Each structure stands twice: as C-alpha cells, then as structure tokens.
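What the coordinates show
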Amino acid sequence: MQDYNTIIGAIQMRLNKCPTRSVMDRFRIGSSTLNLIMSRYKALELTIDELEAMSPKKVENLFYPQKNFQRKEVPLPDFQYYYDRIHAPNSRVNGARI
C-alpha cells in the first residue's frame, strides 16, 4: 500500500509526461505499482484536483480498499492429535524405532 504523497505525486508526474523510470526512481516504486496506481486513477474518473481536495486517508482507501487486506481465517491444526500420534506406543511417525 502506498501513501497519499506517493499516489498523488506519481499521478502528477505521469500526467506531466515524465518518464516512467523517473517516477519509479523518485518514489521508489516498481512498474507494477505505478501501473496499478494509474489504472485505478483512470477507473475512478476523477481529476487530480478532486483527489487533492480529499483527505489523505480517503485517497489511500480509494486506491487500496481495506477489503483487499482482510486475512482469511485459517483454523490451527489439532496439535494434540499430532502429539498423541507421535507419542503413541509403536509409533513410527517420528521415524524413531523403539
């Protein structure tokens, strides 16, 4: 996720016909990040002035919605099952022969 200054600055530089490499070097972002910012800017159909009038948090949320950052809940494994299986009599799960 990029901050407000990176988003606005990258858009301004590209609108002013600055080379892609210059924008990437200035904000230390990769080409895919720059392409993502520009594609989302075009999809929003807002002017740069309208973006600058918004709060920084709102701009960041427009370009990087919070729903993209939600983690999927993955249940933890049943550790007791594995412990019991490893320590069971005549168990060969751990590779040791008793």
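Since this is a predicted model, take the numbers as computed values, not measurements.

When helices and strands are tallied, the protein chain shows 6 helices and 0 strands. Secondary structure elements of the protein chain occur, N-terminal to C-terminal, as α-α-α-α-α-α. Computed over the C-alpha atoms, the radius of gyration of the protein chain is 25 Å, more than 25% above the 13 Å expected from 2.2 N^0.38 for a compact globule of 98 residues. Seen through its principal axes, the protein chain has C-alpha atoms that stretch 75 × 25 × 20 Å. Counting the 98 residues in the protein chain, one finds 26% classified as buried. When contacts within the protein chain are restricted to residue pairs at least 6 apart in sequence, long-range pairs at least 24 apart make up 54% of them. Here the protein chain has roughly 7700 Å² of accessible surface; of this, 51% comes from carbon and sulfur atoms. Across the protein chain, 15 positive and 10 negative side-chain charges occur, with their mean positions spaced 9 Å apart.

Attention now goes to helix H2 (residues 20-27). Those residues of H2 lying buried are Val-23, Met-24 and Phe-27. One face of H2 carries all of its buried residues, which in axial projection span an arc of 95°. Away from its buried face, by an angle of more than 90 degrees, H2 presents the exposed residues Arg-21 and Arg-26. Where the residues of H2 are buried, they touch helix H1 (4-15) and helix H3 (31-44). Positioned one or two residues after H2, Arg-28 has a phi angle of 55°, which is positive.

Attention shifts here to the environment of Gly-30. Examined against the element boundaries, Gly-30 turns out to sit in the loop between H2 and H3. Of the residues examined, Gly-30 reaches a relative accessible area of 31% and is grouped as partly exposed. Between the C-alpha atoms of Gly-30 and Thr-20, which are 10 residues apart in sequence, the distance is 9.7 Å.

Conventions and cut-offs
Residues numbered from 1 in each chain as written. Predicted model: local features only at pLDDT ≥ 70, side-chain atom pairs only at ≥ 80, totals over all residues. Heavy atoms only, no water. Helix = DSSP H or I, 4+ residues; strand = E, 2+ residues; numbered from the N terminus. Rg over C-alpha atoms; globule rule 2.2 N^0.38 Å. Buried < 20%, exposed > 50% of the residue type's maximum accessible area, 1.4 Å probe, protein only. Contact = heavy atoms within 4.5 Å. Areas by Shrake-Rupley, 256 points an atom, 1.4 Å probe, with all protein chains shown as cover. Lys, Arg positive; Asp, Glu negative; His and termini not counted. Charge placed at Lys NZ, Arg CZ, Asp CG, Glu CD. Arc of directions from axis to C-beta.

Read these as geometric descriptors, not functional statements.
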